[in-house]
Amino acid sequence: MKKAMWWAAVAVMAVVGCANAPVEQKIKDFQAQIEQYEKTFSEELVTIRQNAGLTAEQQTEAVSELEDKIAAQIKEHSVHRLYRGIVIGRVNLPALSNDEIFDGVIESTIGRHPQNRKKMAMNVPNGKDAVTHYRVLSHLTDPENGREFTYMEFRLETGRTHQIRVHMAGIGHPLLGDYVYATSPTMRNINNQYIEKYTLVGQTLHAMTIGFTHPRSGKYMEFSADLPEYFKELLEILTFSG
């Protein structure tokens, strides 16, 4: 990442959690986070740019140094990323209350789908290593029809395109509302029912938390975003089933 691109990367990682939410909701949910980013990092960039002892080339190099440190954290998998999601079906793991334990893991390679270049796929030629840690927060049941779902938390060790969506579909539990990777007739039928019935906004996947080390101060920083309203409402409708 060069120049100010890492700023965009941090913003995108924060906003992507509500990428499918209405614009008004995005603004409401993330205005505080954006202000915090600006407060935290702008002083660093202003100091660099206003330092009379630096040439334009030296200023650029100094900014690039900050960017490279953030990029290194991403490459070294030290950026902390937590996601929440609702998947179709019952994932056969116990619901855990310990925030530190992720007792499930999916390891594969992920790359472009050989027939559909707009999709990603597991274990394809030239794929890159992908590791997703997961845990069950609660098992859920629709009180009207008895259909089962699982509310889950995911921790990314790598950050491949559509990684969580591809991995969960790969083990037979696609995200609710995910038309791209829930491809079987049964899964498509479930998505059609629930998207219409509960006005879902895309797949039920939310970027909950991002944490990283400030490139100059060395201080660990963490930002969290609350679940979108449609996500909360769905969790209130579905009943806890152990």
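Above this text is the structure in question.
Residues numbered from 1 in each chain as written. Predicted model: local features only at pLDDT ≥ 70, side-chain atom pairs only at ≥ 80, totals over all residues. Heavy atoms only, no water.

Describing the overall build of the protein chain
Broken down by element type, the protein chain carries six helices and eight strands. Its helices and strands taken in sequence order, the protein chain reads α-α-α-β-β-β-β-β-α-α-β-β-α-β from the N to the C terminus. A total of 242 residues make up the protein chain; the buried ones form 45% of that total. Sequence separation of at least 24 residues holds for 67% of the intrachain contacts in the protein chain that already meet a minimum separation of 6. Of the roughly 12800 Å² of accessible surface on the protein chain, a fraction of 52% belongs to carbon and sulfur atoms. (Helix = DSSP H or I, 4+ residues; strand = E, 2+ residues; numbered from the N terminus. Buried < 20%, exposed > 50% of the residue type's maximum accessible area, 1.4 Å probe, protein only. Contact = heavy atoms within 4.5 Å. Areas by Shrake-Rupley, 256 points an atom, 1.4 Å probe, with all protein chains shown as cover.)

Here's the deal with the nonpolar core
If you look at the biggest cluster of nonpolar residues, it comprises 19 residues, and the most contacted ones within it are Phe149 and Leu176. Among the elements of the structure, β1 (80-88), β4 (128-141), β5 (148-156), α5 (185-198) and α6 (229-237) are those that each provide at least two residues to this core. Leave out the neighbours within four places in its chain, and Leu176 touches Ile86, Val87, Ile88, Phe149, Ile190, Asn191, Tyr194, Leu200, Gly202, Gln203, Thr204 and Leu234. If you look at the next biggest cluster of nonpolar residues, it comprises 14 residues, including Tyr83, Val87, Val91 and Tyr134. (Core = buried A, V, L, I, M, F, W, Y, C linked by side-chain atoms within 4.5 Å.)

What about α6?
The complete set of buried residues in α6 reads Tyr230, Phe231 and Leu234. One side of α6 carries all its buried residues, which in axial view fall inside an arc of 100°. The inward-facing, buried residues of α6 contact β1, β5, α5 and β6 (205-213). (Arc of directions from axis to C-beta.)

Description of the pairing of β6
Counting buried positions along β6 yields eight of nine residues, so the element is predominantly enclosed. Pairing of β1 with β6, which is carried by six bridges, proceeds in the antiparallel orientation. What sits directly across from Gly85, in β6, is Leu205. The sheet contact formed by β6 and strand β7 (residues 220-224) spans five bridges and is antiparallel. What sits directly across from Thr213, in β7, is Tyr220. Here β6 folds back onto β7, and the loop between the two strands holds six residues, one of which, Gly218, carries a positive phi near 80°. (Pairing = 2+ DSSP bridges.)

Regarding the environment of Arg160
Note that Arg160 resides in the loop between β5 and α4 (163-170). Apart from residues no more than four positions distant in its own chain, Arg160 is found in contact with Ile110, Lys128, Asp129 and Ala130.

Observations concerning the layout of surface pockets
In this structure, the second largest pocket encloses a volume near 210 Å³. Taken together, 13 residues line the second largest pocket, and the ones lying closest to its centre are Ile110, Gly111, Arg112, Met120 and Asn126. Sort the elements by how many residues they give to the lining of the second largest pocket and strand β2 (residues 104-112) lands first, with three residues. Classifying every residue of the lining of the second largest pocket by side-chain character gives five nonpolar, four polar and four charged. (1 Å grid on protein atoms, 1.4 Å probe; cavity = no way out; pocket = protein on both sides within 12 Å on 5 of 7 lines; lining within 4 Å. Points joined across faces, edges and corners; volume = space filled by probe spheres on them. Nonpolar A, V, L, I, M, F, W, Y, C, P; charged D, E, K, R; others polar.)

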